[in-house]
Each structure stands twice: as C-alpha cells, then as structure tokens.
Amino acid sequence: MVFYFWHMGKAVVIGATSGIGRELALLLSQNGYRVGITGRREALLAELKDQAPTSFVAAAFDATAATAMTQLDDLVSKLGGLDLLILSSGTGDINHELHYAIENRTNQLNVVAFTQIAGWSFSYFKKQGRGQLAVISSIAGIRGNRMGLAYNASKAYQINYLEGLRQKATHEKLNMTITDIRPGFVDTSMAKGEGKFWVAPPKKAARQIIRAIERKKGIVYVTKRWQIIALLLKILPSWIYKRM
Ligand SMILES: NC(=O)c1ccc[n+]([C@@H]2O[C@H](COP(=O)([O-])OP(=O)(O)OC[C@H]3O[C@@H](n4cnc5c(N)ncnc54)[C@H](OP(=O)(O)O)[C@@H]3O)[C@@H](O)[C@H]2O)c1
C-alpha cells in the first residue's frame, strides 16, 4: 500500500474508542500519521494510546456537549495541524415503541453534533486551503426502516448534507475532499438486529475505508459488495418496500 504522500500527516478520528474508528486510528498510526483520538470512554482512549504513544494524542469528550468544538480546537492545536478528519462516532437503537429519548439521543449525535463537526471541518479546511473530511454514514441512510427510524433518517441526513458540502467545495473551487463512507454490516456493537449478513470484520472495513480516503473518493460502500444492496434498495418500489 502506498501512503508516502501522507507521511507525517495529521488526522483526527472522532469515535476512536471502539469499532471502525479504533481500527482506522491504528491503521493511520501504522502509516506514519499523527492521530488525535477522541470518544467519551477515557480508559479505552488510554489503552489505544498505549499501543503507539508517540503517534496518538488523546482527548476524551462527548461530541454532543456544548464544549465539544472548543475541545476539538484544543485537540487539533496539540496535534499541530490537521489534514484529515474522520467522523466515526454514531449511535442508534432499535426502537419499536418510538421512545422519544432514544430517537433524540440518536439525532443529537448523528444530526446535531454531525452538523457542527462537518461545518467546523469545512471552515478549517477552507481557511487552510486543503483537507479532507471523511464521515462513516451507513447504507441505512438509503431507505427508511421501521425498526430504527431515527438511525436511518439521521444517516439519510448525513448522506444528503455531505453531498451538499461536496457541491459547495466544488462550486467554491476548494481543494477539499468530502468522503461519504457507507458500510453495510461491520462486526461491532453497532451491528444490531436479526438477519445480519455479509458482516465484515472491523479491520477489513478499516482497510477498505483507508484506501477510499487515500484515493479521495466521494462515496464508497464497505465492503464493496454492499454497492449491490444499495442499488437494489434504491430501485425497490415503495409498494414492495413498505411491506417488508
Ligand atoms: N457496525 C456497523 O454495522 C455499521 C454499519 C453502518 C454504519 N456504521 C457506522 O459506523 C460508525 C462507527 O460505529 P461502529 O460500528 O464502529 O460502532 P462502535 O464501536 O459503537 O463505535 C461508535 C463510536 O462512537 C463513539 N460515540 C458514541 N457516542 C458518542 C458521543 N456522544 N460523543 C463522542 N463519541 C461518541 C463511541 O465512543 P464512546 O462511546 O467512547 O463515546 C465509539 O467510539 C457509526 O457512525 C455507525 O453508525 C456502523
């Protein structure tokens, strides 16, 4: 794998304490990146930092907190700059009873905090004259779903927002890449519900994500064959879909 143009690059991974984000942070560090790692679980950040103490700068914070953007500013200062921001934090639950607290928790992170972080990144990279924002959305954003309504809707919001940012960057002739990563099932605590298939190990998902980031892709499905499911979801008529 060729990572030479990334040498001494600086990245932040939001949601690095577990799952896909943790694997992405490790891969970046192994490829010469200095990586700012965040998430709420401080002990897991410390454990990750121990794996490569000189590569990682850790800062535990809640992305939905009022102080989150100040903490992100501080983390980037400690890192000494930023070339790549990966947003891997996300939440969602199966919610048959439509409990508002569950839907709201999902929206606070996947919509409200996402919007703030995406806007912060766009402004930072615009000012700097270059940079890349990569967000782990989901194949769930393609259609609504009766089991996790806010989750799918929030991922649709992310996909749509990222498309808007990509258009804005192009329109303003900015040297900026907006990468929308849409996984199918990945074997983490987020893969919920029955009937899972094509479940990818997080390491494999992370490798494909890094390759897509490196190639400055706009949209990528992880693993690759989920592109087929995405296409089927898009063309499935609603009179069939609503009965599923
Ligand atoms: N696994 C799948 O099948 C799958 C499929 C499609 C898309 N995705 C997406 O992939 C992304 C990563 O999920 P994952 O599968 O790697 O699951 P995960 O292991 O549960 O990772 C979620 C990450 O989000 C962080 N997070 C949650 N709430 C946060 C908050 N309020 N502030 C800051 N960080 C927060 C968690 O850290 P703390 O708890 O320490 O804060 C954790 O690092 C998510 O956006 C998810 O929607 C996953």
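Residues numbered from 1 in each chain as written. Predicted model: local features only at pLDDT ≥ 70, side-chain atom pairs only at ≥ 80, totals over all residues.

**Here's the deal with the overall build of the protein chain**
Stage number 1. Each helix and strand counted, the protein chain has eight helices and seven strands in total.
Stage number 2. Over its C-alpha atoms the protein chain spans a radius of gyration of 17 Å, differing by no more than 12% from the 18 Å that the globule rule assigns to 244 residues.
Stage number 3. By its C-alpha atoms, the protein chain is 55 × 40 × 35 Å across when sized along the principal axes.
Stage number 4. Looking at the 244 residues of the protein chain, the share that counts as buried comes to 38%.
Stage number 5. Look at the contacts in the protein chain between residues 6 or more apart in sequence, and 62% of them connect residues 24 or more apart. (Helix = DSSP H or I, 4+ residues; strand = E, 2+ residues; numbered from the N terminus. Rg over C-alpha atoms; globule rule 2.2 N^0.38 Å. Buried ≥ 20, exposed ≤ 12 C-beta atoms within 10 Å, placed from the backbone. Contact = placed C-beta atoms within 7 Å.)

**Let's talk about the nonpolar core**
Stage number 1. Judged by nonpolar contacts, the single largest core of 57 residues is most densely connected at Val13, Leu24, Ala25, Ile37, Ile86 and Ile209.
Stage number 2. Aside from chain neighbours lying at most four places away, what touches Val13 is Gly21, Leu24, Ala25, Val35, Ile37, Ile86 and Ser88. (Core = buried A, V, L, I, M, F, W, Y, C linked by C-beta atoms within 7 Å.)

**Some words on the site of the ligand**
Stage number 1. Contacts to the ligand come from 27 residues, most closely from Gly19, Gly39, Arg40, Gly90 and Met190.
Stage number 2. Element by element, the count of residues in the shell around the ligand is highest for helix α1 (residues 19-30), at three residues.
Stage number 3. Broken down by class, the residue content of the shell around the ligand amounts to 10 nonpolar, 14 polar and three charged. (Near = placed C-beta within 6 Å. Nonpolar A, V, L, I, M, F, W, Y, C, P; charged D, E, K, R; others polar.)

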